[in-house]
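# Remarks on the overall topology
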Amino acid sequence: MSVLNIKDVSKIFPGGTRAVDTFSLDVADGELVCLLGPSGSGKSTLLRMVGGFETPTSGQMTIDGDDITHVPPERRPTGMVFQSHALWTHMNVFKNLAFGLKLRKVAPAEIKRRVEAVLELVGLGGYGTRAVTQLSGGQQQRVALARSLVLEPKILLLDEPFASLDQHLRERLREEVRDIQQRLKITTLFVTHGQDEALSMADRIVVMRDGKTEQIDRPDIVYREPRTPFVAGFIGTMNLIEGTVANGVFSKAGYSTPVPVADGPATQAIRPEALELTLATDNAQGKVHRVTDFGTHGLVDLELLDSTRIKAMVSHPGLFQPGQGVALAPKAIAAYRDDILIHRGALTPEIAARRETIDA
Amino acid sequence: MTTDTAGSVSPVQPHRGRPIGLLLVAVPVLMVVWLIIWPIISAVITTLWVKTPEGDIFSIETYRFFFSDGYSLSNLGMTLWTTGVCAILLLVVCLPIALYLRFADSRIAAYVQGLAIFPMFVPSIILSFAFIRVLGPNGTVDLVLNAVGMPKIRSPYLTPWGPVIGLVWDNIPLTVLILLSGLGSVSNQAIEAARDVGAGKIAVLWHIILPRISNSILVAISFAVLGIFSAFTLPYVLGPAAPEMMGPFMQRTFRELFEPQTAITQAVVTFAFCIVFGLFYVYSVAKNRAP
């Protein structure tokens, strides 16, 4: 059992930059938690603090109840996989993996057994004598993962491990890493700025912004029920429309939807897949700007009457042409005011119909 | 439709560039041949063709004399000893400086780097004068020790340690710069990965950093050894009268004893040792670069 607890951890760099701001997180045994955020959100700094490569300015971190806040990296029960693999090029694959075991004075026969077992686990059986420079990027990343796993760490730390790989390889490796993590039931903290990685791998996602937590939830909840406009805009594609609510109707340049909140300014969020389009000539709320056909679906880039650009996902992109007028029918919306979620809900045809009544 | 036949495409550009490239290379190559290769060949020929009343004859007498003369051998031994001690001391002194400069991120590191490079701008003769004023008899160190009531130190001036101290000081900048460039290729993440698997500072240095900069160490030591072996000014001013290093020995044999052939023999022997170091360096670098 390995549980990681981070309590009120902050990191202020000498220049005064506050990279992580009173951050708290509990990672359960065997759980894979993704730290997700844009560059500069503090996710890598946080991971490096857990790994021991940065010292927190304040706060406390424990693993299985043991305080590790000021323990140097070589004495922490953590294993880190770096973005650039960080393999030692003067050692072959076997020596890269055996190095940590040798430092722990493990018997040579046991080192051989464990290294070969973990190489099999990552799909590199028989690669022990290869020079690491002879391996492809994906194989190097597997070696880096194996180097951490061979030491059986309590907490596995992954710092954007797939960032330097191509899209196809990235997708394959993240499935493999997830399989291995679930098989070994190893508690894992994973840093990424790729939302698809986080959504496909994590048990829980921590969305970070400016060193603080924006939302901690299961991937499906983070996607469907983003708590702030930032999370809404960061996870997946989201249309964020700034407008005004008056008498329970949100309106923006000819576009309006019923939103049962108090009057005032608001930001409405609609996923492209929740925005239905119909061709309209007289009561058009927007105009098609561009249509992109992705094969499985199409993405219509359209302009509202005040030139606000939003996107809608359609199943038949061939029906739409640039310049055509369209009517918008959102099926689910969320509304925010002052960065706080004030309304979320599906728009049934009955509710949506109120728009015409009100508009009329 | 593409119907290329074999040989229908001929590269024209490389032929046009070739004479210009060769001409550009020819100038320095000719200079090397004229100023280095030819004097070496000439010196070797001079030492092997001895003038006698009967005319020039082939003889290895000058080399036989050098390697049977106790004084010449002790001078050669002194030169090898000074070179070896300097090489070890340079590594011991410069490696920590280079490591500090590579991994420190404070402002002090910039001043340390400035200080480490400073000897490069000081001419050897000024350095010798400063050495005598500080470490020589009745120098600054002696005066300070006397002022605080402590006994005089035995000055390294005019002892074998005089040239050692001067030569190490003089070679610090180049050695530090070469080691620093080697350390630049050791990424922070490679070191962090080693610490992550449990390596302490000594283990990181021994297992990760040193193997990665072995080439740079070799280059730095080779450059230092080649320079020190044939050094003149510092051993001449700071070293003992006897035994002396090969540089002052050659000069004295030529200017004071008026024996140019013996001096040239000493130069050829010095060159032979240097070429051995040089070949060892080239072999090691080539071996390390091999895939």
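Residues numbered from 1 in each chain as written. Chains lettered and ligands numbered in written order. Predicted model: local features only at pLDDT ≥ 70, side-chain atom pairs only at ≥ 80, totals over all residues. Heavy atoms only, no water.

## Thoughts on the overall build of chain A
- In terms of helices and strands, chain A carries 9 helices and 21 strands.
- C-alpha extents for chain A along the principal axes are approximately 85 × 45 × 35 Å.
- The buried share among the 360 residues of chain A stands at 52%.
- A separation threshold of at least 6 residues defines the contact pool for chain A, and within that pool the share at least 24 residues apart is 63%.
- When the accessible surface of chain A is summed, it comes to about 16,200 Å², and 50% of that surface belongs to carbon and sulfur atoms. (Helix = DSSP H or I, 4+ residues; strand = E, 2+ residues; numbered from the N terminus. Buried < 20%, exposed > 50% of the residue type's maximum accessible area, 1.4 Å probe, protein only. Contact = heavy atoms within 4.5 Å. Areas by Shrake-Rupley, 256 points an atom, 1.4 Å probe, with all protein chains shown as cover.)

## A few points about the sheet that holds strand β19 (residues 325–330) of chain A
Residue and element names in this part refer to chain A.
- Spatially, the 5 strands line up as an open sheet ordered β15-β19-β16-β17-β18, and their pairing is antiparallel. Each edge of the open sheet carries a strand with a single partner, namely β15 (275–279) and β18 (309–314). Mean inter-strand twist for the sheet, computed between neighbouring axes without regard to direction, equals 40°. (Pairing = 2+ DSSP bridges. Axes fitted to C-alpha atoms, helices over the stretch in contact; angles between N-to-C directions.)

## Considerations on the sheet that holds strand β8 (residues 187–192) of chain A
All names here are of chain A.
- On the basis of which strands lie adjacent, the open sheet formed by 6 strands has the order β6-β7-β8-β3-β9-β10 and mixed pairing. Since the sheet does not close on itself, it has two edges, and those belong to β6 (78–81) and β10 (212–217), each with one partner. This sheet shows a mean twist of 20° between the axes of neighbouring strands, independent of strand direction.
- Note: β6 against strand β7 (residues 155–159), 4 bridges, orientation parallel.

## Section: the packing of aromatic side chains
- Applying the stated criterion to the full structure yields 13 aromatic pairs over all chains.
- Here the aromatic rings of Phe223(B) and Tyr281(B) are separated by 6.2 Å at their centres, their planes lie at 65°, and the arrangement is edge-to-face. Linking Phe223(B) in helix α10 (residues 214–229) with Tyr281(B) in helix α13 (residues 260–289), this pair joins segments that are 58 residues apart in sequence.
- A connected cluster of aromatic rings, assembled from ring pairs, spans Phe229(B), Phe273(B) and Phe277(B).
- Lying over the aromatic face of Trp88(A), Arg147(A) brings its terminal NZ or CZ to 4.3 Å of the ring centre. (Phe/Tyr/Trp six-rings, centres within 6.5 Å; stacked < 30°, edge-to-face > 60°. Lys NZ or Arg CZ within 6 Å of the ring centre and 35° of its normal.)

## Things to note about the domain arrangement of chain A
Residues and elements named next belong to chain A.
- When its domains are assigned, chain A resolves into domain 1 (4–229) and domain 2 (238–359).
- Using C-alpha coordinates to define each centre, domain 1 is positioned 40 Å away from domain 2.
- With 9 residues of domain 1 in contact, the opposing surface of domain 2 contributes 9 residues.
- Approximately 760 Å² of surface area, both sides summed, lies buried where domain 1 meets domain 2, with 50% of it carried by carbon and sulfur atoms.
- Contact with domain 2 buries area across many residues of domain 1, yet Tyr-223, Pro-226 and Pro-229 alone supply 65% of it, more than any other trio.
- Ionic pairing is found between Arg-344 and Glu-225, a salt bridge with its closest N-O pair at 3.3 Å.
- Top element by residues in the side of domain 1 that touches domain 2 is helix α7 (residues 219–224). It accounts for 3 residues.
- By residue class, the composition of the side of domain 1 that touches domain 2 is 4 nonpolar, 1 polar and 4 charged. (Domains from an automatic or database assignment. Buried area = accessible area lost by both parts, 1.4 Å probe. Salt bridge = Lys/Arg side-chain N within 4 Å of Asp/Glu carboxyl O. Nonpolar A, V, L, I, M, F, W, Y, C, P; charged D, E, K, R; others polar.)

## Some thoughts on the environment of Asp21(A)
All names here are of chain A.
- The topology assignment puts Asp-21 in strand β2 (residues 18–27).
- Accessibility expressed as a relative area gives 15% for Asp-21, which makes it buried.
- Sequence separation between Asp-21 and Glu-116 is 95 residues, and the spatial gap between their C-alpha atoms is 42 Å.
- Beyond its immediate stretch of four places on either side in the chain, Asp-21 contacts Val-9, Ser-10, Gly-211 and Lys-212.
- At 3.4 Å, the side chain of Asp-21 forms a polar contact with the side chain of Thr-22. (Polar contact = N/O pair within 3.5 Å; in protein donor to acceptor, adjacent residues only side chain to side chain.)

## With respect to empty space enclosed by the protein
Residue and element names in this part refer to chain A.
- Taken as a whole and assessed by the stated rule, the structure comprises 2 cavities of 30 Å³ or more.
- Reported here for the largest cavity is a volume of approximately 50 Å³.
- If you trace the largest cavity, you find it lined by Val-81, Gln-141, Arg-142, Leu-145, Leu-158, Pro-161, Phe-162, Leu-173 and Val-177.
- The class makeup of the residues in the lining of the largest cavity is 7 nonpolar, 1 polar and 1 charged.
- Its volume calculated, the second largest cavity comes out at about 30 Å³.
- Forming the walls of the second largest cavity are Leu-145, Leu-149, Leu-156, Val-177, Ile-180, Gln-181, Leu-184 and Ile-186.
- Put simply, the parts of the chain that give the lining of the second largest cavity at least two residues each are α4 (137–149) and α5 (167–184). (1 Å grid on protein atoms, 1.4 Å probe; cavity = no way out; pocket = protein on both sides within 12 Å on 5 of 7 lines; lining within 4 Å. Points joined across faces, edges and corners; volume = space filled by probe spheres on them.)

## Quick word on the packing of helix α4 (residues 108–117) of chain B against helix α7 (residues 161–183) of chain B
All names here are of chain B.
- Taken N-terminus to C-terminus, the directions of α4 and α7 make an angle of 130°; their axes are 7 Å apart at the nearest point. One way to sum up the angle between α4 and α7 is to call them oblique. Residues Gln-113, Ala-116 and Ile-117 of α4 lie in contact with α7, whose contacting residues are Ile-172, Pro-173, Val-176, Leu-177 and Leu-180.
- When its residues are assigned to classes, the contact of α4 with α7 shows 7 nonpolar, 1 polar and no charged. (Parallel < 35°, antiparallel > 145°, perpendicular 65-115°, else oblique.)

## Notes on the state of the cysteines
Residues and elements named next belong to chain B.
- Under the defined criterion, the tally for this structure stands at 0 disulfides over all chains.
- Cysteine Cys-86 remains unbridged, with the sulfur of Cys-94 as its closest cysteine sulfur at 11 Å.
- As a non-bridged cysteine, Cys-274 has Cys-86 as the owner of its nearest cysteine sulfur, 14 Å distant.
- With a relative accessible area of 13%, Cys-274 lands in the buried category. (Disulfide = S-S within 2.5 Å.)

## So, the interface of chain B and chain A
- The interface is formed by 16 residues belonging to chain B together with 24 residues belonging to chain A.
- In total, chain B and chain A occlude about 1,700 Å² of area from one another, counting both sides; carbon and sulfur atoms represent 57% of this.
- Counting the surface chain B buries against chain A, the share from its top three residues, Gln189(B), Asp196(B) and Val197(B), is 38%.
- Applying the counting rule to chain B against chain A returns 2 salt bridges.
- Seen at the junction of chain B and chain A, the total is 7 residue pairs in polar contact (both at pLDDT 80 or more).
- Where the side of chain B that touches chain A is concerned, the elements lending two or more residues are α8 (188–196) and α9 (201–212) of chain B.
- A total of 7 residues in the side of chain B that touches chain A trace back to one element, the largest contributor, which is α8(B).
- Taken together, the residues of the side of chain B that touches chain A sort by class into 8 nonpolar, 4 polar and 4 charged.

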